[in-house]
Amino acid sequence: MKEYCFEIEMKVRDYECDLQGVVNNSNYQRYMEHTRHEYLETLGENFGAMHEKGVDAFISRVDIRFKHSLRSGNRFRSCLNLRKEGPKLVFEQDIYRLPDGVQAASGRVESVVVENGKLTRGEFFDRLIARKKNPEP
């Protein structure tokens, strides 16, 4: 596996699987979203507090490539890296089955920020990335 700025381990639950006994494709997007939310928490942010300050992050695009199916009870590691592209924050996210490290899915998720009802140029993301590079004590 390559290096990531954030990783979290999770487990597939029975109700996330479809009739074929594999994780329904929509759940991979949920796993990736949960990973982004947990990453934000490590930076001292959360979506509720952001919204209260008039800052809302929205997903503008999602591209997920499904490689190997996860099944009920599988443990997996959800990983992310991020970078800024113009006004967008781009998350490169991968999901690996454990313990063998087989890649289950790979995704690219683009996010934009609206502050007080107006689309921004991503200044919030600039501050977030700076916090990632220079964590507060």
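Asks: Would you explain the confidence of the model for the chain in this entry?
Replies: In low-pLDDT segments, the atomic positions of the prediction should not be examined closely. Confidence along the chain averages 94 in pLDDT terms, with 96% of residues attaining 70 or more. Per-residue pLDDT, averaged within each element of the chain, yields its smallest value for helix 3 (residues 123-133) (83) and its largest for strand 1 (residues 6-11) (98).

Asks: Would you mind going over the environment of D100 with me for this structure?
Replies: When you line up the elements, D100 lands in the loop between strand 4 (88-98) and strand 5 (103-115). Among the polar contacts made by the side chain of D100, one reaches the side chain of R97 at a distance of 2.5 Å. A distance of 3.2 Å separates a polar side-chain atom of D100 from the backbone nitrogen of V102.

Asks: Which parts of the structure should I look at to understand the layout of surface pockets?
Replies: Rolled over the atoms, a probe with the dimensions of a water molecule shows which regions are left empty. Of the pockets and cavities examined, the largest pocket occupies roughly 190 Å³. For the largest pocket, the lining is made up of 15 residues, of which R36, L40, F47, A57 and S111 are closest to its centre. Contributing elements (two or more residues each) for the lining of the largest pocket: helix 1 (25-42), helix 2 (47-52), strand 2 (55-66), strand 4 and helix 3. Here the element with the most residues in the lining of the largest pocket is helix 1; it accounts for five residues. Taken together, the residues of the lining of the largest pocket break down into 11 nonpolar, two polar and two charged.

Asks: Please clarify how the nonpolar core should be interpreted in this entry.
Replies: As a rule of thumb, soluble globular proteins bury nonpolar side chains together. Counting 30 residues, the largest nonpolar core has Y28, Y31, L70 and I95 as the members making the most contacts within it. Looking at this core, the elements that each hand over two or more residues are strand 1, helix 1, strand 2, strand 3 (75-85), strand 4, strand 5 and helix 3. For this core, the element with the most residues is helix 1, which contributes five residues. Ignoring anything within four residues of it in the chain, the contact list for Y28 reads V23, I64, F66, H68, S69, L70, I95, A104 and A105.

Asks: What am I meant to see in the environment of V55 here?
Replies: As for its placement among the helices and strands, V55 is situated in strand 2. Exposure remark for V55: the relative accessible area of 8% places this residue in the buried category. Taking the C-alpha atoms as reference points, V55 and Q29, separated by 26 residues in sequence, lie 22 Å from one another. Once residues within four sequence positions are removed from consideration, V55 is found in contact with M50, V113, V114, E115 and F124.

Asks: Before we go on, may I ask you to explain helix 1 in this structure?
Replies: Since there are 3.6 residues in each turn of an α-helix, residues three or four apart along the chain are aligned in direction. Its 18 residues place the ends of helix 1 27 Å apart at the C-alpha level, agreeing with the 26 Å of an ideal helix rising 1.5 Å per residue. Looking at helix 1, one finds that the buried residues are N27, Y28, Y31, M32, T35, R36, Y39 and L40. Trailing helix 1 by a residue or two, G44 shows a phi angle of about 80 degrees, which is positive.

Asks: I keep staring at the side chain of S111 and nothing clicks. Help me out?
Replies: Checked against the element boundaries, S111 lands in strand 5. Classification of S111 as buried rests on a relative accessible area of 4%. A distance of 3.2 Å separates a polar atom in the side chain of S111 from the backbone oxygen of F58. With residues up to four places along the chain from it excluded, the contact list for S111 reads A57, F58, I59, S60, P87, K88, L89, F91 and F125.

Asks: For this particular structure, what's the right way to read the packing of aromatic side chains?
Replies: Counted by the stated rule, this structure contains six aromatic pairs. On the numbers, 5.4 Å between centres and 65 degrees between planes, the contact of Y28 with F66 is edge-to-face. Separated by 38 residues along the polypeptide, Y28 in helix 1 and F66 in strand 2 bring together distant segments of the chain. On the basis of relative accessibility, which here comes to 3%, the residue Y28 falls in the buried class. Residue F66 is classed as partly exposed on the basis of its relative accessible area, which comes to 45%. Consider the rings of F124 and F125, whose centres lie 6.2 Å apart with planes at 65 degrees: the pair is edge-to-face. As far as the burial class goes, F124 and F125 line up, both buried.

Rules and cut-offs
- Residues numbered from 1 in each chain as written.
- Predicted model: local features only at pLDDT ≥ 70, side-chain atom pairs only at ≥ 80, totals over all residues.
- Heavy atoms only, no water.
- pLDDT = per-residue confidence, 0-100.
- Helix = DSSP H or I, 4+ residues; strand = E, 2+ residues; numbered from the N terminus.
- Polar contact = N/O pair within 3.5 Å; in protein donor to acceptor, adjacent residues only side chain to side chain.
- 1 Å grid on protein atoms, 1.4 Å probe; cavity = no way out; pocket = protein on both sides within 12 Å on 5 of 7 lines; lining within 4 Å.
- Points joined across faces, edges and corners; volume = space filled by probe spheres on them.
- Nonpolar A, V, L, I, M, F, W, Y, C, P; charged D, E, K, R; others polar.
- Core = buried A, V, L, I, M, F, W, Y, C linked by side-chain atoms within 4.5 Å.
- Buried < 20%, exposed > 50% of the residue type's maximum accessible area, 1.4 Å probe, protein only.
- Contact = heavy atoms within 4.5 Å.
- Expected span 1.5 Å × (residues − 1).
- Phe/Tyr/Trp six-rings, centres within 6.5 Å; stacked < 30°, edge-to-face > 60°.

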